[in-house]
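Observations on the model geometry
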Amino acid sequence: MAAGALHRSMRTIHLHGGSNDSASTKEFGNSSLKFISKGFPVDVKFLNDKSRSFRHCKMHVIRAISSHASVVDPILSTAHVTTNFNQNTSIESSLILIRHGESMWNEKNLFTGSVDVPLTKRGIEEAIKAGERINSIPVNMIYTSALIRAQMTAMLAMTQHRQKKIPIIMHDESIQAKEWSQIFSEETIQQSIPVITAWQLNERMYGKLQGLNKEETVVKYGKEKVHEWRRSFDSPPPNGESLEMCSQRAVAYFKENIEPQLHNGRNIMVAAHGNSLRSIIMYLEKLTSQEVTNLELSTGVPLLYIYKHGEFLKRGSPVGPKEYGVYAYTRNLALYRQKLDEMVQ
Ligand SMILES: O=C(O)[C@H](O)COP(=O)(O)O
């Protein structure tokens, strides 16, 4: 199965069920249909829609799943509209958020924003430490920004993970990129974790502050003004993005691409940036624009949320040396960790 299929199969095929085919809802009731396509769950949701006959769509799914690298991308296919299906709400999935480790411009105290700088040695150590802290929490998919400091953090953290799966950055920026990055071994795919990079998760663009020293900027513009640019919700830096503008892309991407995966029971890691994550946390924790001004994220410290019944429950972030004492493991997470323990015995 192609790597592209690795990417695809972690998604969901949605089908239009014809209104004259009541079988669609009767036959499949109120749950989605699951195909296992070469070891990967492919959810198929049936929709009541007059535009397509159910049988036509079902053939489309069977053909798509049974074929090989030329599997039609369900997301690009015409049938991909989600309905308000009454889903199995007992699904619980975990969401790990990590701000990248210290970057070379963090070390020099420069405004970084969308400038693409790598981690420092300390930032690399922070990323590895982050991996140790979350090494017993399941990860099925990883999302990072298009910037190297976030991607390095995700890959370094996963070197410490006990499930020993290999993160693979998905390349679907062109048909050739998809074809040239194909993987032709089932077993290898099983041992892989798709990493999706998205510019929407990039750090807020700091405009004319990018490259300036933060202390010198305070001297020049005053503490109040710089704090307002850095932490307020709706005051943008000169020619830059406010947090609100950043959230309009980061939170929109999260809702459209990441939340459906959590809803389907996939465990997700998001490695991103101080402000793109602040905007996402504002959404997860329903913070007001006043509350979010006090929200600070340290570099390389993972936060854990549990997604259940469409809600996000914060389960802690490590402050002490021992991560077990910090994250509030759910029963499922404790069982998962126990399975990992048994595997090494
Ligand atoms: O972009 C930067 O400079 C940092 O990643 C975040 O900067 P801030 O803490 O000033 O928002």
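Residues numbered from 1 in each chain as written. Predicted model: local features only at pLDDT ≥ 70, side-chain atom pairs only at ≥ 80, totals over all residues. Heavy atoms only, no water.

To continue, consider the nonpolar core. One finds Leu95, Leu97, Tyr143 and Val270 to be the most contacted residues of the largest nonpolar core, which totals 32 residues. Residue assignment for this core shows that the elements contributing at least two residues are β4 (92-99), β5 (141-144), α11 (243-263), β8 (268-272), α12 (274-284) and β9 (303-308). Top element by residues in this core is α11. It accounts for 7 residues. If near-sequence neighbours (up to four positions away) are discounted, Tyr143 is found in contact with Ile196, Leu201, Tyr253, Asn257, Ile258, Gln261, Ile268, Met269, Val270 and Ala271. Counting 19 residues, the second-largest nonpolar core is a separate cluster that includes Val139, Met158, Met269 and Tyr329. (Core = buried A, V, L, I, M, F, W, Y, C linked by side-chain atoms within 4.5 Å. Buried < 20%, exposed > 50% of the residue type's maximum accessible area, 1.4 Å probe, protein only. Helix = DSSP H or I, 4+ residues; strand = E, 2+ residues; numbered from the N terminus. Contact = heavy atoms within 4.5 Å.)

Another aspect to go through is the site of the ligand. By nearness alone, every residue bordering the ligand is listed as Arg99, Leu110, Phe111, Thr112, Gly113, Glu203, Tyr206, Lys214, Arg230, Arg231 and Asn275. The side chain of Lys214 places a nitrogen or oxygen atom 3.2 Å from an oxygen atom of the ligand. The separation between an oxygen atom of the ligand and a polar side-chain atom of Arg230 is 2.6 Å. Considered on its own, the ligand offers 310 Å² of accessible surface; in the complex 97% of this is hidden by protein. Here the shell around the ligand is built from residues that sort into 3 nonpolar, 3 polar and 5 charged. (Near = heavy atom within 4 Å. Polar contact = N/O pair within 3.5 Å; in protein donor to acceptor, adjacent residues only side chain to side chain. Areas by Shrake-Rupley, 256 points an atom, 1.4 Å probe, with all protein chains shown as cover. Nonpolar A, V, L, I, M, F, W, Y, C, P; charged D, E, K, R; others polar.)

A few words on the UniProt feature "site: Transition state stabilizer" (unreviewed entry) in the protein chain. With numbering aligned to this structure, UniProt lists the feature "site: Transition state stabilizer" (unreviewed entry) at His273. Along the chain, His273 falls in the loop between β8 and α12. Once you skip the residues sitting within four places of it in the chain, His273 turns out to touch Arg99, His100, Ser145, Leu147, Arg149, Ala150, Leu201, Asn202, Glu203 and Arg278. A distance of 3.4 Å separates polar atoms of two side chains, one belonging to His273 and the other to Arg149. (UniProt positions renumbered as here; feature names shortened; annotations may be inferred.)

A few words now on the UniProt feature "active site" (unreviewed entry) in the protein chain. In the UniProt entry, the feature "active site" (unreviewed entry) is given for His100 and Glu203. A maximum C-alpha distance of 10.3 Å places the annotated residues, which cover 104 residues in sequence, within one compact spot. Mapped onto the elements, His100 comes out in the loop between β4 and α4 (104-107). Beyond its immediate stretch of four places on either side in the chain, His100 contacts Asn106, Leu119, Arg149, Ala150, Thr153, Ala272, His273, Thr299 and Gly300. Side chain to side chain, His100 and Arg149 meet in a polar contact 3.3 Å long. Mapped onto the elements, Glu203 comes out in the loop between β7 (192-197) and α9 (214-221).

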